[in-house]
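Notes for the structure review
Residue-level listing of the chains:
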Amino acid sequence: MYKSLRRVYPERNSIKTPFYVGAARAPSVTGPYERIGDRPALRWKGKPLVAEDPYVWRDARGVYHAIFHSQIEDDDERLCGGHAFSEDGVAWTFGGTAFSNLVRIAAAPHDAPYEYRFSRRERPHLAIDHTGTARALTNGATPYWPCSEPNVCPTDYCFTSLELLGPTPDAVEEAAEE
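Residues numbered from 1 in each chain as written. Predicted model: local features only at pLDDT ≥ 70, side-chain atom pairs only at ≥ 80, totals over all residues. Heavy atoms only, no water.

**Re the overall build of the protein chain**
Rules: Only DSSP runs of H or I with at least four residues qualify as helices, and only runs of E with at least two residues qualify as strands; both kinds are numbered from the N terminus onward. For every residue, the accessible area obtained with a 1.4 Å probe (protein chains only) is divided by the maximum for its type, and the residue is called buried under 20%, exposed over 50%, and partly exposed between those limits. Residues count as neighbours in contact if any of their non-hydrogen atoms are within 4.5 Å of one another.
Of the regular secondary structure elements, the protein chain holds 1 helix and 15 strands. For the protein chain, buried positions account for 37% of its 178 residues. Across the protein chain, every contact between residues at least 6 apart in sequence was considered, and the portion connecting residues at least 24 apart equals 37%.

Printed below as a string of structure tokens:
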């Protein structure tokens with residue numbers, strides 16, 4: 001999968017943003033790559049899904065998955081992350097929202113965690129362990145968008161956030177003790 005920035009699709013003129021995800025194949029990771037079709041690989045409600053920054057992996061059963069920054073119409077978390085899957089890496093099915101802009105933040109050891117809603121979470125990547133289980137999600141996170149405070153954020157900016165997925169080791173240990 002790739003982010004289409006300059007490729008013109010027929011639907012591009014009627015949509016505000018030009019970012020779509022396309023599919024390509026190659027005989028090896030070094031290429032040469034060949035685009036699969038002239039249309040976006042992801043569709044939702046019959047229209048191209050506005051998406052970018054795909055992260056693709058293959059699970060233990062051989063199914064391909066992708067998470068990406070998406071702009072889903074009529075979604076409370078429009079500027080969030082989507083998920084798609086494919087049996088062959090060519091025909092993709094959009095699975096819906098994969099992550100939102102709301103992150104649970106761990107505080108100091110004796111303080112209660114709190115939640116923070118980012119303006120955007122883009123460029124998703126997963127940290128996957130030796131069993132193939134996703135353990136953490138990283139994103140480029142932006143607290144404010146657009147930023148209107150030149151003294152606070154004079155240009156577009158973000159930082160890397162890391163969110164642990166699933167139960168924490170302490171929760172697993174506590175459950176085992178019960």
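**Regarding the pattern of salt bridges**
Here is the rule: We define a salt bridge as a contact between a side-chain nitrogen of Lys or Arg and a carboxyl oxygen of Asp or Glu at a distance within 4 Å.
Taken as a whole and judged by the stated rule, the model has 3 salt bridges. The salt bridge involving Arg-121 is made with Glu-163; its shortest N-O contact spans 2.8 Å. Of this pair, Arg-121 sits in strand β13 (residues 120-128) while Glu-163 is found in strand β15 (residues 159-164), placing the two residues 42 residues apart along the sequence. Residue classification places Glu-163 among the buried residues on the basis of a relative accessible area of 19%.

**Regarding the confidence of the model for the protein chain**
Short version of the rule: Within a predicted model, pLDDT stands for the predictor's per-residue confidence, ranging from 0 to 100.
In the predicted model, the protein chain carries a mean pLDDT of 77, and 70% of its residues have values of at least 70. Throughout residues 12-17 the model reports pLDDT below 50, and contacts reaching past four residues in sequence, or to other chains, amount to 9 contacts.

**So, the pairing of β13**
Residues in a regular strand project their side chains so that they alternate between the two faces of the sheet. This is how it is decided: Strands are treated as partners if at least two bridges between them are detected by DSSP.
Both β13 and strand β14 (residues 134-142) contribute to a ladder of 7 bridges, which runs antiparallel. When the sheet's bridge partners are listed, Ile-128 is paired in β14 with Ala-134. Turn length for the β13-β14 hairpin, with the two strands adjacent in sequence and antiparallel, is 5 residues, and the turn residue Gly-132 shows positive phi of about 90 degrees.

**Some remarks on the side chain of His-69**
Formally: Pairs of N or O atoms within 3.5 Å make up the polar contacts considered here, provided that, within protein, one atom can donate a hydrogen while the other can accept it, and that residues adjacent in sequence are counted only when both atoms are side-chain atoms.
Within the secondary structure, His-69 sits in strand β8 (residues 64-71). Exposure remark for His-69: the relative accessible area of 1% places this residue in the buried category. A polar atom in the side chain of His-69 sits 2.9 Å from the side chain of Glu-52.

**Things to note about the sheet that holds β14**
We count it as follows: Note on method: axes are straight lines fitted to C-alpha atoms, helices fitted across the in-contact stretch only, with angles between N-to-C directions ranging 0 to 180 degrees.
One open sheet holds the 3 strands; their spatial order is β13-β14-β15, and the pairing between them is antiparallel. Both outer strands of the open sheet, β13 and β15, are each paired with one neighbouring strand and no more. Taking each pair of neighbouring strands and ignoring which way they run, the sheet shows an average axis angle of 25 degrees.

**What to know about the packing of aromatic side chains**
Rule in force here: Any pair of Phe, Tyr and Trp rings, taking the six-membered ring for Trp, is counted once the centres come within 6.5 Å. Such a pair is stacked with planes under 30 degrees apart, edge-to-face with planes over 60 apart, and tilted for the rest.
Enumeration over the complete set of coordinates arrives at 4 aromatic pairs. Seen from their ring centres, Tyr-55 and Trp-57 are 5.9 Å apart, and the 35 degrees between their planes marks the pair as tilted. Grouping residues by exposure puts Tyr-55 and Trp-57 together as buried. Taken together, Tyr-116, Phe-118 and Phe-159 form an aromatic cluster joined through their ring pairs.

**What to know about the nonpolar core**
Most often, soluble globular proteins have nonpolar side chains that are buried together. Put simply, the rule is: Only buried residues count toward a nonpolar core. Its members are Ala, Val, Leu, Ile, Met, Phe, Trp, Tyr and Cys residues joined through side-chain atoms within 4.5 Å.
One finds Val-21, Ala-23, Ile-36, Ala-41, Leu-42, Leu-49, Ala-51, Ala-66, Phe-68, Ala-84, Trp-92 and Phe-94 forming the largest nonpolar core, which totals 12 residues. Those residues within four positions of Ala-41 in sequence are excluded, and the remaining contacts are Met-1, Val-21, Gly-22, Ala-23 and Trp-92. Ranked by size, the runner-up nonpolar core spans 6 residues in total, among them Tyr-55, Phe-99, Leu-126 and Leu-137.

**Description of unusual backbone geometry**
That bond from Gly-31 to Pro-32 is cis: its omega, 0 degrees, falls within 30 degrees of zero. The topology assignment puts Pro-32 in the loop between β3 (24-25) and β4 (34-35). The backbone of Asp-53 sits at a positive phi, close to 60 degrees, despite the residue not being glycine. Here Asp-53 shows up in strand β7 (residues 51-58). What makes Asp-53 buried here is its relative accessible area of 17%.

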